[in-house]
Amino acid sequence: MDKILEGLVSSDHSVPVKRAIIKKVVEAAEKGVTEEQCQALFTLTTRLILVGEDAFQKQVGFQVLEAYARYHRPEFERYFSKDFVLSLLQQGYSQLDHKDPAIIDYIHCCLRLLISCPSVLEIFSVVQVEVLRMVCERPDPALCARLSTMLSDFVQCIPRDKSGVLFCQQLVRTISYFHCFASQERELREYVGQVTKVSTLLQNIWKSDPTTLLPSLQEVFAIISSIDPSFDPSIALASLVQHIPVQMITVLIKSLTTDQNVKDANMTKALCRMIDWLSWPLAQHVDTWVIALLKGLAAVQKFTILIDVTLLKIELVFSRLWYPIVRQGALTVLSHMLLSFQHSPEAFHLVVPHVVHLVQSLRTDGLPTSKAFLLQFTELIHCMMYQYSGFPDLYDHIVEAIKDLPKPGEEKIKLVLNQSAWTSQSNSFASGHLKEAGKSETGKTGLVNLGNTCYMNSIIQTLFMATDFRRHVLSLHLNGSNMLMKKLQLLFAFLAHTQRAAYAPRNFLEASRPPWFNMGSQQDCSEYLRFLLDRLHEEEKTLQVLESAQPKVSSHIERNGKDPTCQSSPEDTGESSLTGGETMHEPDKRTLIERLFGGKLITSIRCMQCNSISEKGEPFTDLSLAFCPSATAQHRPEGPSEEAKGLCQGSVNGGSENPDPGSVKAPANSVHVVPVTNEPPLSVPDLVNYFLAPEILDEENAYFCEKCISLQRAERSLKVVSAPEYLILTLLRFSYDAKCHVRRKILDNVTIPSLMRLPVQAPSTSTQCSSSTSSPLQVDSPESSENLAKKGGDIPVQSVPYVLCSVVMHSGVSSESGHYYSYGRNITESNPSTCSSLSVLPEQGDPLPNSGQEARDWLLFNDSRVTFTSFQSVQNITNRFPKDTAYVLMYRKQEVPGQNINGGPKENGMRVSAEPPLQKELLDAIIKDNKLYLQEQELNARTQALQASSSSCSFRPNGSDDNNPPGSCGPSGGGGGGGGFNTISRLVF
């Protein structure tokens, strides 16, 4: 026996010799062996198993131990006693630490050999105590997995009763410390397997003793809701979710969301970490629990938490779609988060930049499930683009990428949106984790939506892009700080020079909002524009009266611009088009609004009995263009109203970035649908011609002729006798259904020419004008030229060329709600007619527009967003997005050499060739605000740095989640090659 023992421990023998020695030792076990020899063999085999030099020695140890324990069980019982087990678990063996997994493997093997011996019961009781102590010491995944395997085989070792509850709680907390830092596939597989063994043990305990389940779940929530910045729990906790009975969801979520002891900060952290669990590759039902918690929070109106978490995690959830093994659950959560986030497009717009890349990847990755997944994904995108229409600059490339895929019907989209909406809306969004965006590449400044104020933002940007108007406003020297023109000048200065990506025009909103506009409500941008121009006109006219009454008092508006720090603004010395008595040397007393936006119409009525003609002149700042009844599916435009003094009947309200909930729920017949015909679409010149066409006054509308002294049939006609510098056209996009007593928005596509001609003729000498140049500006209403059966008739007139400079779009299916955005471009003397196509050809001899216009000439202003676009986008917007229709258009008059349009001097002084330098007061205000902006940026950077230290995302290889997916060569890669669902390198950690 001594020689045998010597042969076992010797390393000088070859493998065949060692195998022969093992065989002799095993055969000797069947023969008579003294107790001393058994103890020596047990000690030797234990040493070989625990501290053997190589795997062969460990194998020898296990084989010899098993042989002698089987044939000499009493001796083995005395050797493997509870004291020896306690010593192993507390002190280890020789130089081997007690936390080494080899200790657990050795005990596990010995328990199998002693399972039928009475002494094993004492060992079970010792192990019960020691395993509880061990899990409290937070063993690593390898040791915990070995321990779980042993406890699964010997459930008698699992602590019971109160100790059992404590054991489960501590095991849950131990899992939260399981962090994986491996990068190799083999190591990742091993880590996932270790975690699975531990979670399976907990599942078995919960099944055998249900009283341990709830305390375990409470421990899970305590862990994931911790706001301790030094503790970041592992997403390995996700492995437990699949073992929680699904039928408990309702009760648990209700209890959790109604618990007053749970603070919002803890709930936010818990929800964020549950969303992180979507990255765990083998977990099931994580999406079910996340959505249940989201719905539970919505039910108790915890909208602040929902908003914060959605904005913080939406990009992470989207990034999980790249990985086939987790993408289905991630899409379920993403769909719920986006579809329920209906108060703002911000969450959807965070993921919009990544949509096209994902679509391309799904088309090319070759996986059998990708095609079906792509259909689900594109249906979600269609729903979101419908909900948040009005952003063609963002969606155009997406529409192009998915144009060949099925699109859900409008009714289905509405149903999905209605089912997903939160039960109510929150008015406080300030706590959302908004991303600070830099100024756009356009160099232009956006305007912050202050609560349904896109009607104002779109008009301000349109006026700002009216180059001559902007330059004149910035050139004025204004003394009164409370003047509306002063506030507009300050606003224009900020739009031109602030460093902010978007400016919040709060002061201007308060000063310019019509009294009947309720704060926070959607309003009509055309009505706001008329009110604003009228206010500016009346303000300057009042100052002119005061100046003439007190000539020694300096004017509030020095129109000659004599400030030495500023360039002088040219003065209009031209003859007024409203009267013929002034000479060109007399000063022009017209206001800035009259000089730039003011035109003149003459209404002529000819009695068809005696042919007498009555004429009346009136100024205008915009023309309200009705649709021909035949072009609006037999819905006649609403008739004129003599009592309309406030809201115009042609208004199309807007202000929200998403439609009013009522518009989504409106019946389908409230949207005007134009029947398909082969006729070409209407154009803006068509509407202008219809506006100027003669009308027959007959029957109920018969004309009272003063010469005939009776009601007579008459012909009424309109003619423009003075063309404005900037021509504003408002399309009356509504029709009135007399049967249903409902106003409907007209969704007809109207072709917008980049260059058009306005027919203008000189006024006759017999014209009786109802107003003079010194009277207040009378802004025409949409009702002034409606409800009359118009008849065509051409009048030889002079054609005044106009070039398009701005278009205000209304996005929505209802005239009562929607969203406004605008297109605009700088029109200067250097590029007055650059455009891509013409609907109205110039007359012979006129310069043709430059057909090589660059797409970056046009800009899209959408509240805070300003992006480059193209004129082609302006023309095709309604074709691509039927709810988006042109509403207000602004054209700038082109000066044609040799032509005198209005009968005055050819140079009227209204063209300013360069941007005026900022006056000191404006410059100081901008410098002060820019410094404040830099301080805000620094503070935000500090805050984000503090937040980053407590980030809950533990596993982010390859940098940020916004990068290309791990293992790919680019956005279309979607992961490393070949493995599909079986490639662990595609798992998301």
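This structure is a prediction, so every number in the text was calculated from the model and none was measured.

(A) Highlighting the overall build of the protein. From N to C terminus, the protein includes 31 helices and 24 strands. Within the span of the protein, comprising 989 residues, buried residues form 55% of the whole. Counted over contacts in the protein with a minimum sequence separation of 6, partners at least 24 positions apart contribute 79%. Looking at the protein as shown, the accessible area adds up to about 43,800 Å², and 52% of this sits on carbon and sulfur atoms.

(B) Broad picture of the pairing of strand β14 (residues 714–722). Of all nine residues making up β14, eight are buried, and the element is well covered by its neighbours. In this sheet, β14 lies alongside strand β6 (residues 599–607) in antiparallel orientation, the contact comprising eight bridges. Paired with Thr603 across the bridge in β14 is Leu718. The pairing of strand β11 (residues 695–697) with β14 spans three bridges and is classified as antiparallel.

(C) Local environment of a nonpolar patch on the surface. A contiguous nonpolar surface patch, about 350 Å² in accessible area, is contributed by Phe704, Ile709 and Leu711. On the secondary structure map, Leu711 appears in strand β13 (residues 710–712).

(D) Focus on the state of the cysteines. Scanning all chains against the criterion turns up zero disulfides. No disulfide involves Cys610; its sulfur sits 3.6 Å from the nearest other cysteine sulfur, which is in Cys708. The partly exposed category is assigned to Cys610, whose relative accessible area is 23%.

(E) Spatial organisation of the packing of helix α19 (residues 370–387) against helix α21 (residues 410–420). Two numbers describe how α19 lies on α21: the axes approach to 10 Å, and their chain directions differ by 85°. When the interaxial angle is binned, α19 and α21 end up roughly perpendicular. Of the residues in α21, those touching α19 at Glu379, His382, Cys383, Tyr386 and Gln387 are Glu410, Lys412, Ile413, Lys414, Val416 and Leu417. When the residues that make up the contact of α19 with α21 are grouped by side-chain class, the tally is five nonpolar, two polar and four charged.

(F) Spotlight on helix α10 (residues 161–175). In this model α10 runs 21 Å from its N-terminal to its C-terminal C-alpha over 15 residues, within 8% of the 21 Å that 1.5 Å per residue would give. Those residues of α10 lying buried are Gly164, Val165, Phe167, Cys168, Gln169, Gln170, Leu171, Val172, Thr174 and Ile175. Residues of α10 that are buried in the fold lie against α8 (120–136), α9 (141–153), α11 (185–208) and α12 (213–224).

(G) The environment of Arg70, seen in detail. Within the fold, Arg70 resides in helix α4 (residues 55–71). On the basis of relative accessibility, which here comes to 46%, the residue Arg70 falls in the partly exposed class. Through-space distance from the C-alpha of Arg70 to that of Leu114 is 9.1 Å; in sequence the pair is 44 residues apart.

(H) Representation of the packing of aromatic side chains within the structure. Under the defined criterion, the tally for this structure stands at 26 aromatic pairs. Consider the rings of Phe348 and Tyr395, whose centres lie 5.8 Å apart with planes at 50°: the pair is tilted. Highlighted residues: Phe348 in helix α18 (residues 346–364) and Tyr395 in helix α20 (residues 392–401), separated in sequence by 47 residues. Among the residues examined, Tyr395 registers a relative accessible area of 0% and is labelled buried. Seen from their ring centres, Phe494 and Tyr503 are 4.5 Å apart, and the 15° between their planes marks the pair as stacked. Tyr503 carries the same exposure label as Phe494, and that label is buried. What links up through ring pairs into an aromatic cluster is the set Phe42, Phe76, Tyr79, Phe80, Phe84 and Tyr106. A cation over an aromatic ring shows up here: Arg327 above the ring of Phe373, its NZ or CZ 5.0 Å from the ring centre. Above the ring of Tyr386, the side-chain terminus of Lys883 is found at 3.9 Å from the ring centroid.

(I) A look at the pairing of strand β19 (residues 755–760). Counting buried positions over the six residues of β19 gives five, a clear majority of the element. Pairing geometry for β19 and strand β20 (residues 798–811), over six bridges, is antiparallel. Paired with Met756 across the two strands is Tyr802, which belongs to β20.

(J) Structural detail: the pattern of salt bridges. One pass over the structure, following the stated rule, counts 28 salt bridges. Asp924 is paired through a salt bridge with Lys920; the nearest N and O atoms lie 2.9 Å apart. Highlighted residues: Asp924 and Lys920, both in helix α31 (residues 920–948), separated by four residues, approximately one helical turn. In this structure Asp924 comes out as partly exposed when scored by relative accessible area, which is 38%. Residue classification places Lys920 among the exposed positions, given a relative accessible area of 58%.

(K) Just the confidence of the model for the protein, in detail. Looking at the protein as a whole, its pLDDT mean stands at 76, while 73% of the residues score no less than 70. Note that pLDDT drops below 50 for residues 632–650; the model gives that stretch 53 contacts with residues more than four away or on any other chain. Low pLDDT (under 50) marks residues 765–794, which in the prediction has 93 contacts with non-local residues, meaning those over four places away or in another chain.

(L) Expanded view of the environment of Pro406. Tracing the backbone through its elements, the reader meets Pro406 in the loop between α20 and α21. According to the relative accessible area criterion, Pro406 is exposed, its value standing at 56%. When the C-alpha positions of Pro406 and Thr378 are compared, they lie 8.2 Å apart, and in sequence the two are 28 residues distant. The contact partners of Pro406, leaving out residues within four places of it in the chain, are Leu375 and His382.

(M) Focus on the side chain of Thr268. With respect to the element layout, Thr268 can be found in helix α14 (residues 264–276). Among the residues examined, Thr268 registers a relative accessible area of 15% and is labelled buried. When near neighbours in sequence (up to four residues on either side) are disregarded, Thr268 contacts Ile305 and Val309.

(N) Representation of the environment of Asp396 in the model. In this fold, Asp396 is placed in helix α20. Counting along the chain gives 477 residues from Asp396 to Ser873, while the straight-line C-alpha distance between them is 8.9 Å.

(O) How the structure looks around the packing of helix α6 (residues 82–91) against helix α7 (residues 101–114). Interaxial distance between α6 and α7 falls to 10 Å at its minimum, and their mutual angle equals 160°. Our classification of the angle between α6 and α7 gives roughly antiparallel. Crossing handedness for the pair α6 and α7: left-handed. Judged by residue contacts, Phe84, Val85, Leu88 and Leu89 of α6 engage Ile103, Ile104, Tyr106 and Ile107 from α7. Considering only residue class, the contact of α6 with α7 consists of eight nonpolar, no polar and no charged.

(P) Highlighting unusual backbone geometry. Unusually for a residue other than glycine, Arg138 sits at a positive phi of about 55°. Within the secondary structure, Arg138 sits in the loop between α8 and α9. The class for Arg138 is partly exposed, based on a relative accessible area of 25%. For Asn452, which is not glycine, the phi dihedral falls at a positive 60°. Mapped onto the secondary structure, Asn452 falls in the loop between β1 (446–447) and α22 (454–464).

The rules behind each value
Residues numbered from 1 in each chain as written. Predicted model: local features only at pLDDT ≥ 70, side-chain atom pairs only at ≥ 80, totals over all residues. Heavy atoms only, no water. Helix = DSSP H or I, 4+ residues; strand = E, 2+ residues; numbered from the N terminus. Buried < 20%, exposed > 50% of the residue type's maximum accessible area, 1.4 Å probe, protein only. Contact = heavy atoms within 4.5 Å. Areas by Shrake-Rupley, 256 points an atom, 1.4 Å probe, with all protein chains shown as cover. Pairing = 2+ DSSP bridges. Patch = residues over 30% accessible without salt bridge, like charges linked within 9 Å, V, L, I, M, F, W, Y side chains within 5 Å. Salt bridge = Lys/Arg side-chain N within 4 Å of Asp/Glu carboxyl O. Disulfide = S-S within 2.5 Å. Axes fitted to C-alpha atoms, helices over the stretch in contact; angles between N-to-C directions. Parallel < 35°, antiparallel > 145°, perpendicular 65-115°, else oblique. Nonpolar A, V, L, I, M, F, W, Y, C, P; charged D, E, K, R; others polar. Expected span 1.5 Å × (residues − 1). Phe/Tyr/Trp six-rings, centres within 6.5 Å; stacked < 30°, edge-to-face > 60°. Lys NZ or Arg CZ within 6 Å of the ring centre and 35° of its normal. pLDDT = per-residue confidence, 0-100. Left-handed = near helix turned anticlockwise from the far one by under 90°.

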